[in-house]
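As a plain string of letters, each chain reads:
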Amino acid sequence: MRLPFFTPNPIKTPLFHLLSLSRSSVLRSSLPAMAIPPKLALSTSSSITTSAGTNQEALATKFWIKFRRESVFAMYNPFVVCLAAGNLDVQTFRHYISQDFYFLKAFVHAYELAEDCADDDDAKLAITELRKGVLEELKMHNSLVQEWGIDPSKEGIKSSATVKYTDFLLTTASGKVEGVKGPGKLATPFEKTKVAAYTLGAMTPCMRLYAFLGKELESLIDSEDGSHPYKNWIDNYSSEKFQALALQIEDLLDKLSAPLTGEELDIIEKLYHQAMKLEIEFFNAQPLAQPSVVPLTKEHNPVEDRLVIFSDFDLTCTVIDSSAILAEIAILTAPKPDHVQPENQIARMSSSELRNTWGLLSGQYTEEYEQCIERILPSEKVEFKYEALCKALEQLSDFESRANSRVIESGVLKGVNLEDIKRAGERLILQDGCSNFFQKIVKNEHLNADIHVLSYCWCADLIRSAFSSGGLDVMNVHANEFAFENSISTGEIIKKMESPMDKVQAFENILENYSNDRKNLTVYIGDSIGDLLCLLRADIGIVIGSSTSLRRVGSEFGVSFLPLFPGLVKKQKTYREGSSSNWNGKSGILYTVNSWAEIHSFILGW
């Protein structure tokens, strides 16, 4: 059990329908809104009115949020991490500058074509200003060329990634877009303006991405320290002037897109997404011979190394806590108060009785949990000692066991059908990117990596069902189990994992069962106090989410919480070849992330 283990009506009526429908007939839209992860607002751009007359979030902001995953992969690119650390190989930077020179020239040409297509004088003027901004950027490149002794004409031909990117950009600006008339056939001003909008759709993400990276990297270097070799590059893209240009092109894209149809907006979205992916490919194409801290698997040798990924389940992988789901299944499938139950069935409480009982159990758990946390906190902040933290968290074991025993004794879990649990699990919405990350690992036969899910969940069948699609049924699940008679729960929980001590013991047992023919590199991903010992015991502990109780307890016991990207940049400065030797458990340092995209990009890369 965990805090809170029940929220009143967390799934509401839609789950009842989910339990009675076949899997193929259920659409994501039929799920409750709270089961959909909230989107992170990244811009304060105003809303726009489309041709349909509806007021919507600004298009550029919408796309940037939607493709936030790609911006994370760009930031965690080894080229960018080495650049941020200041130890990017000089030859790599020289190559990048020479390739970027070709790209910027294509950008200028694309702006010229867009300016010709724009029908509105204000739009033409705005595009002219944006083109001037790129020309200023080229001047910055000229200064870098002089500083680093680069001659683009002698730095070799354009790479395939550069050609792919520039061809895409200029093809779009020439009107050669699927479903659009070819150049020379644009008869009306509206058709020309539409091509201008498409062109900006292909250019905007690059401007926004560089503005984003500039600010992220700026925050990691000392403004007074002139020793960073790439400070001028970072200063340019973090400058207020460049940030203003990024906002300007976004505003212009919003205005040019306002009269377009839904189908035409879909085209812009595809162009925007394609540009984001091409930018990542552009970074990936830069020759990087030096050892890098990302991706983690870059130096992973499957013959000698074994990568072991451990993960919590509730609110680490899921959007809703599993105990709340199990509670709601029990309530929604409970008999009505006037219903006469057959003698051969397990006797159950009515739905109203169940809901009242759940509420009492929840309130008692919350109150006692907070009291228990207060008791284990030291009188004053202490230095990190893993053993001292273990001793303190032992006090949670008895508390969790008593809480689970109360649930069993109450009878609230009696009579739940296994098939209902499995169907709910199959429809359980996981955190964005979680399933894709695990699938990439499972499907890579050459990676030599294992995944273990360690969870307090009362019913492991729910977890197995949640991961049943996409080939994830091979994942190892370590959790409690319901006791069943003829697929109907008896109300008993077969206790296997109730406390931080149980989790870390399972962690240790799993590693002990591996043969000694390979070195283990362990990663643990979690979100709560129940994960704290495993997070610290693993070579790399990653905290996802923002649990205040986890951070409070950890901080009081000397644990440091470091955002992952700055942590990787710091580590890159002193990184040595051989990944497993650079990571050590029980260091007292945990890395924090906001999304599974960060985890994916760090461990696996693009």
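Each remark here, short or long, concerns the structure printed above.
Residues numbered from 1 in each chain as written. Predicted model: local features only at pLDDT ≥ 70, side-chain atom pairs only at ≥ 80, totals over all residues. Heavy atoms only, no water.

### Considering the nonpolar core
Soluble globular proteins: nonpolar side chains tend toward being buried together.
Part 1 of the argument: Counting residues in hydrophobic clusters, the biggest one holds 158 residues, and the most contacted among them are Phe438 and Phe602.
Part 2 of the argument: Per element, the largest residue contribution to this core is 15 residues, and it comes from helix H8 (residues 189–218).
Part 3 of the argument: When near neighbours in sequence (up to four residues on either side) are disregarded, Phe602 contacts Tyr76, Val293, Val294, Pro295, Leu296, Ile540, Ile542, Leu564, Leu568 and Trp583.
Part 4 of the argument: Ranked by size, the runner-up nonpolar core spans 42 residues in total, among them Phe310, Cys372, Met497 and Val553. (Core = buried A, V, L, I, M, F, W, Y, C linked by side-chain atoms within 4.5 Å. Buried < 20%, exposed > 50% of the residue type's maximum accessible area, 1.4 Å probe, protein only. Helix = DSSP H or I, 4+ residues; strand = E, 2+ residues; numbered from the N terminus. Contact = heavy atoms within 4.5 Å.)

### A short note on empty space enclosed by the protein
Part 1 of the argument: Summed over the entire model, instances satisfying the criterion amount to three cavities of 30 Å³ or more.
Part 2 of the argument: Approximately 70 Å³ is the volume found for the second largest cavity.
Part 3 of the argument: Around the second largest cavity, the lining residues are Asp100, Phe103, Leu104, Phe107, Val134, Glu137, Cys206, Met207, Tyr210, Tyr237 and Phe242.
Part 4 of the argument: Counting residues per element, the ones that place at least two in the lining of the second largest cavity are helix H5 (90–117), helix H6 (121–148) and H8.
Part 5 of the argument: Counting residues per element, the lining of the second largest cavity draws most heavily on H5, at four residues. (1 Å grid on protein atoms, 1.4 Å probe; cavity = no way out; pocket = protein on both sides within 12 Å on 5 of 7 lines; lining within 4 Å. Points joined across faces, edges and corners; volume = space filled by probe spheres on them.)

### Some remarks on the sheet that holds strand E8 (residues 488–494)
Part 1 of the argument: One open sheet accounts for three strands, arranged E4-E8-E7; its pairing is antiparallel. Both edges of this open sheet fall to strand E4 (414–417) and strand E7 (481–485), since each of them pairs with a single strand only. The average undirected angle you get between the axes of adjacent strands in this sheet is 55°.
Part 2 of the argument: Sheet contacts for helix H16 (residues 418–426): E4 and E7; angle to E4, the most-contacted strand, approximately 50°. (Pairing = 2+ DSSP bridges. Axes fitted to C-alpha atoms, helices over the stretch in contact; angles between N-to-C directions.)

### Section: the pattern of salt bridges
Part 1 of the argument: Applying the stated criterion across every chain, the model contains 25 salt bridges.
Part 2 of the argument: Residue Glu264 pairs with Lys194 through a salt bridge whose shortest N-O separation is 3.3 Å. Residue Glu264 is located in helix H11 (residues 262–284), and its partner Lys194 is located in helix H8; the two are separated by 70 residues in the primary sequence. Like Glu264, the residue Lys194 is buried in the burial classification. (Salt bridge = Lys/Arg side-chain N within 4 Å of Asp/Glu carboxyl O.)

### Overview of the sheet that holds strand E3 (residues 305–311)
Part 1 of the argument: On the basis of which strands lie adjacent, the open sheet formed by seven strands has the order E6-E5-E3-E9-E10-E12-E11 and parallel pairing. Because the sheet does not close on itself, it has two edges, and the strands there are strand E6 (476–478) and strand E11 (560–563). Averaged over all pairs of adjacent strands, the angle between their axes in this sheet comes to 25°, without regard to strand direction.
Part 2 of the argument: With three bridges connecting them, strand E10 (residues 540–544) and strand E12 (residues 589–593) associate as parallel partners. In the sheet register, Ile542 faces E12, and the bridge partner there is Tyr591.
Part 3 of the argument: Of the strands in this sheet, E3, strand E9 (519–526), E10 and E12 are in contact with helix H23 (residues 596–603), which crosses E10 at around 155°.

### Section: the pairing of strand E5 (residues 449–454)
Part 1 of the argument: Burial analysis of E5 places five of its six residues in the buried class, the great majority of the element.
Part 2 of the argument: Sheet topology note: the E3/E5 ladder contains five bridges and is parallel. Pairing of Val308 across the sheet is with Asp450, part of E5.
Part 3 of the argument: Note that E5 and E6 share three bridges and pair parallel.

### Description of unusual backbone geometry
Part 1 of the argument: Along the chain, Val294 connects to Pro295 via a cis peptide bond; the corresponding omega equals -15°.
Part 2 of the argument: Note on placement: Pro295 falls in the loop between H11 and E3.
Part 3 of the argument: Even without being glycine, Ser487 reaches a positive phi, approximately 70°.
Part 4 of the argument: Tracing the backbone shows Ser487 in the loop between E7 and E8.
Part 5 of the argument: Ser487 sits in the partly exposed class, given a relative accessible area of 35%.
Part 6 of the argument: The backbone of Lys586 shows a phi angle near 60°, a positive value even though the residue is not glycine.

### A word on a negative patch on the surface
Part 1 of the argument: Together, Asp119, Asp120, Asp121 and Asp122 give the surface a local cluster of negative charge.
Part 2 of the argument: Its location among the elements puts Asp120 in the loop between H5 and H6.
Part 3 of the argument: A relative accessible area of 42% means that Asp120 is categorised as partly exposed. (Patch = residues over 30% accessible without salt bridge, like charges linked within 9 Å, V, L, I, M, F, W, Y side chains within 5 Å. Areas by Shrake-Rupley, 256 points an atom, 1.4 Å probe, with all protein chains shown as cover. Lys, Arg positive; Asp, Glu negative; His and termini not counted. Charge placed at Lys NZ, Arg CZ, Asp CG, Glu CD.)

### Re the packing of helix H3 (residues 68–75) against H11
Part 1 of the argument: Two elements in contact, H3 and H11, have axes whose closest approach is 9 Å; the angle formed by their N-to-C orientations is 10°. The pairing of H3 with H11 is recorded here as roughly parallel in orientation. Where H3 approaches H11, its residues Glu70, Ser71, Phe73 and Ala74 are matched on the opposing element by His273, Met276, Lys277, Ile280 and Phe283. (Parallel < 35°, antiparallel > 145°, perpendicular 65-115°, else oblique.)

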